[in-house]
Amino acid sequence: MKILMTLETPFPPDKRVENEIEVLVSAGYKVHLICPESRKKLETQFSSFQVHYILPSKFIRKSSVGALRFPFYVNYWKKEIRKLLEVYNFDIIHIHDLPLIKPIYELKNHFSFKIVLDLHENWPGLLSVSPYTQSVLGKLLCSIKEWENYERRYLKKADKIIVVVEEARDRILSLDSDMPEIYVVSNTLNLKDKLPQKSKRTADSGKRIFVYEGGITWHRGLQNILKALSMIGDARGKVELWIIGDGSYLKTLKKLCKSLALEENVKFFGWQPQEKIFDLLSKADIALIPHIKSEHTDTTIPHKLFHYMYVELPVIASNCNPIERIIRETNCGIVYQSDNPGSLSNILREIIHNPASLDPYKKSRRWIERKYNWDNDSLQLVNLYRSIS
């Protein structure tokens, strides 16, 4: 049985997609992937699956924001996918995220295949917190209401749906109870990867190292971490904040850091490969997830939570529903009210003066080993494919 996966971003890297392909190939499926060309294309060879790289023009890529009002983007993808269908006659098309389901569904009029829709995000929710949709031009090109209607209509065209967390499944069922079967396949750690076996933390230097890893956008809430650090008074000298990652909000964040006189307290590491991320995490004391609470963050789960839990870092996180649920269940950290730097500063101050208060939150790896891992989530993916084959 042949599967075509569609991915609108370059590959590699995408750990979720890599994990899914590995599982499906091991289960006996032949997997192809179509995606935009990656800068790493020439450095990477894939022996177990085939990648079809496409080269959308800059205009096509930029037109994706107005995909529902102007057909250039979806027509381009439809044309490229049709070419592959004519050659390979795929049995299943596995779509990564919402935008491409309409053009792919339209291809079913000419080809025989089933659709698995893999929702990494709450797409309308993500658009509602994206900076480019808030501008005058963005609002002309992209209507959140139109995406909500598109989602409600085309989710029902899939044969199976995948989401990353239970809250996302519940949201979809709240739109319409008559939905295709929904499987939760989360963004958990693959324990077969090269992961650190023990902490590299050194003797207490008197400073608490706080760490954040992931994308740097406004809705990730890092601005509130900086504001909270600026409010802790003399305790600031006992704190170092490590920010690992990149994104559209990085320049603004660095300006805020300078304006709050925090340059001596904050280190920006930029994008790092997973091995380096774990090396840095294992040297830190406390991990942060300061996401702004929204419909988007209340229905998604970040990889970083499971990374933090694996290295047994106590987690300080805002009260986004899935994150709060898992932190309460596993007792791996402290939850504070989102978008409230004052509340967060009180927590930081207490931790700095009383580091032993974090000791109860340092036993979370067992939850990764027993429950929140890719071995368990991959079973859901295999079960889905067995039910659709």
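Note that the coordinates shown come from a computational prediction; the quantities given were computed from them, not determined experimentally.

Basis of the calculations
- Residues numbered from 1 in each chain as written.
- Predicted model: local features only at pLDDT ≥ 70, side-chain atom pairs only at ≥ 80, totals over all residues.
- Heavy atoms only, no water.
- Patch = residues over 30% accessible without salt bridge, like charges linked within 9 Å, V, L, I, M, F, W, Y side chains within 5 Å.
- Areas by Shrake-Rupley, 256 points an atom, 1.4 Å probe, with all protein chains shown as cover.
- Salt bridge = Lys/Arg side-chain N within 4 Å of Asp/Glu carboxyl O.
- Helix = DSSP H or I, 4+ residues; strand = E, 2+ residues; numbered from the N terminus.
- Buried < 20%, exposed > 50% of the residue type's maximum accessible area, 1.4 Å probe, protein only.
- Arc of directions from axis to C-beta.
- Contact = heavy atoms within 4.5 Å.
- Phe/Tyr/Trp six-rings, centres within 6.5 Å; stacked < 30°, edge-to-face > 60°.
- Lys NZ or Arg CZ within 6 Å of the ring centre and 35° of its normal.
- Axes fitted to C-alpha atoms, helices over the stretch in contact; angles between N-to-C directions.
- Parallel < 35°, antiparallel > 145°, perpendicular 65-115°, else oblique.
- Nonpolar A, V, L, I, M, F, W, Y, C, P; charged D, E, K, R; others polar.
- Pairing = 2+ DSSP bridges.
- Right-handed = clockwise from strand over helix to strand, strands pointing away.
- Core = buried A, V, L, I, M, F, W, Y, C linked by side-chain atoms within 4.5 Å.
- 1 Å grid on protein atoms, 1.4 Å probe; cavity = no way out; pocket = protein on both sides within 12 Å on 5 of 7 lines; lining within 4 Å.
- Points joined across faces, edges and corners; volume = space filled by probe spheres on them.

**Considering a nonpolar patch on the surface**
On the surface, a cluster of nonpolar side chains totalling about 310 Å² of accessible area is made up of F59, F70 and F72. Along the chain, the position of F59 falls in helix α2 (residues 58–62).

**Focus: helix α10 (residues 250–259)**
Of the residues making up α10, those classed as buried are L250, L253, L256 and C257. For α10, the arc enclosing every buried residue in end-on projection is 120°, short of the 170-degree limit, so these residues lie on one face. Along α10, the residues that are exposed and aim more than 90 degrees away from the buried face are K251, K255, K258 and S259. Looking at the buried positions of α10, the neighbouring elements they touch are α9 (222–229), β9 (239–244) and β10 (266–270).

**With respect to the packing of aromatic side chains**
By the definition in use, this model includes 11 aromatic pairs. Clustering of aromatic rings is evident, with ring pairs tying together Y105, W123, W147, Y150 and Y154. Sitting above the plane of the F268 ring, K254 keeps its charged end 5.4 Å from the centroid. One residue, R365, lies across the ring of Y310, its end atom 4.1 Å from the ring centre.

**Examining the packing of α9 against α10**
Packing of α9 against α10 leaves a shortest axis separation of 10 Å and a crossing angle of 5°. As judged from the angle between their axes, α9 and α10 are roughly parallel. On α10, the residues touching L222, Q223 and L226 of α9 are L253, L256 and C257. For the contact of α9 with α10, a count of residues per class yields five nonpolar, one polar and no charged.

**A few points about the sheet that holds strand β1 (residues 2–6)**
As summarised here, the arrangement of the seven strands in space is β3-β2-β1-β4-β5-β6-β7, forming an open sheet in which the pairing is parallel. The sheet is open, and its two edges are formed by β3 (50–54) and β7 (181–184), each paired on a single side. On average, adjacent strands in this sheet sit at an angle of 20° to one another, irrespective of strand direction. With four bridges connecting them, strand β6 (residues 160–163) and β7 associate as parallel partners. From the neighbouring strand, I161 faces β7, where its bridge partner is I182.

**Quick look at the pairing of β9**
Every regular strand shows the same layout, with side chains that alternate between the two sheet faces. Among the six residues that make up β9, six are buried, leaving the element largely enclosed by the rest of the structure. When strand β8 (residues 208–213) meets β9, the two strands line up parallel, connected through six bridges. Note on β9: the bridge partner recorded for F210 is L241. A crossover connection joins β8 to the parallel β9 through α9; in handedness this β-α-β unit is right-handed.

**With respect to the nonpolar core**
Among the nonpolar cores identified, the biggest contains 106 residues, and I81, L98, I101, F210, L241, L305 and I316 are the most heavily contacted of them. Looking at which element gives the most residues to this core, the answer is helix α3 (residues 72–88), with seven residues. For I101, the contacting residues outside a window of four places in its chain are I95, I115, L117, Y150, Y154 and A158.

**Looking at the pattern of salt bridges**
All told, the structure shown has 24 salt bridges when counted by the stated rule. Among the ionic pairs, E80 bridges to K83, the shortest N-O distance being 3.5 Å. Of this pair, E80 and K83 both sit in helix α3, three residues apart, which is roughly one turn of the helix. With its nearest N and O atoms 3.9 Å apart, the salt bridge here joins E240 to K207. Of this pair, E240 sits in strand β9 while K207 sits in the loop between β7 and β8, and the two are 33 residues apart along the sequence. For K207, a relative accessible area of 32% corresponds to the partly exposed category. Bridged by salt links that share partners, the residues K15, E18 and D193 form one connected network.

**Let's talk about the layout of surface pockets**
Of the pockets and cavities examined, the second largest pocket occupies roughly 230 Å³. Forming the boundary of the second largest pocket are 14 residues, of which E166, V184, S186, Y372 and D377 lie nearest the centre. The set of elements that each furnish at least two residues to the lining of the second largest pocket consists of α13 (321–330) and α16 (374–388). The biggest single contributor to the lining of the second largest pocket is α16, with three residues. Looking at the lining of the second largest pocket, its residues break down into seven nonpolar, three polar and four charged.

**Quick look at unusual backbone geometry**
Excluding glycine, most residues fall at negative phi; most peptide bonds, likewise, are trans. For the bond from F11 to P12, the omega torsion is -10°, close enough to zero to count as cis. Relative to the assigned elements, P12 resides in the loop between β1 and α1 (15–26). For the bond from P12 to P13, the omega torsion is 5°, close enough to zero to count as cis. Relative to the helices and strands, P13 resides in the loop between β1 and α1. Phi at N89 takes a positive value of approximately 50°, unusual for a residue other than glycine. Judged by relative accessible area, N89 falls into the partly exposed class, the value being 48%. Positive phi values are uncommon outside glycine, yet E312 reaches one of about 60°. Here E312 is to be found in the loop between α12 (303–310) and β12 (315–318). Judged by relative accessible area, which is 29%, E312 ranks as partly exposed.

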